[in-house]
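# Inside the fold
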Amino acid sequence: MKAIITVVGKDKSGIVAGVSGKIAELGLNIDDISQTVLDEYFTMMAVVSSDKKQDFTYLRNEFESFGQTLNVKINIQSAAIFEAMYNI
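This is a predicted model, so every value here is computed, not measured. (Residues numbered from 1 in each chain as written. Predicted model: local features only at pLDDT ≥ 70, side-chain atom pairs only at ≥ 80, totals over all residues. Heavy atoms only, no water.)

### Focus on the packing of helix α1 (residues 15-25) against helix α2 (residues 56-70)
Heads up, the rule is: Fitting a line to C-alpha atoms yields each axis, with helices limited to the stretch in contact; the angle taken between N-to-C directions then spans 0 to 180 degrees. Numbering of helices and strands runs from the N terminus, with a helix taken as a DSSP run of H or I at least four residues long and a strand as a DSSP run of E at least two residues long. Here the word oblique covers every angle except those under 35 degrees (roughly parallel), over 145 (roughly antiparallel) and from 65 to 115 (roughly perpendicular). Working rule for handedness: look at the near helix, and if it is turned counterclockwise from the far one by less than a right angle, call the crossing left-handed; if clockwise, right-handed. Contacts were defined at the residue level, with two residues in contact if any of their heavy atoms lie within 4.5 Å. Residue polarity is assigned by list, with Asp, Glu, Lys and Arg as charged and Ala, Val, Leu, Ile, Met, Phe, Trp, Tyr, Cys and Pro as nonpolar; anything else, Gly included, falls into the polar class.
For the pair α1 and α2, interaxial distance at closest approach is 11 Å and the crossing angle is 155 degrees. As the angle between them shows, α1 and α2 are arranged roughly antiparallel. Pair α1 / α2 crosses with right-handed handedness. Note on element contacts: α2 touches α1 through Glu-62, Phe-63, Phe-66 and Leu-70, opposite Ile-15, Gly-18, Val-19, Lys-22 and Ile-23. Counted by class, the contact of α1 with α2 contains 6 nonpolar, 1 polar and 2 charged residues.

Note that every value here comes from positions in space, so none of it alone points to a role or purpose.
See below:
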């Protein structure tokens, strides 16, 4: 399983630590990560994977709830969506 996680919100310390901790807690591995601050806004994109099949509804709900605690929007999408778009 491979997925793309995006994080967007007002910049503050602890976002990367919090999100990467949640990723580990959910049994996902960070394969690649990029983050930047645009004006006052934090943006992050991470490619994550797992050897196990993951329930995307569960993951999406977990990241959405956790994002609220950090005041950021966290989204997860299957990488298969992007691969399918590329093949069209």
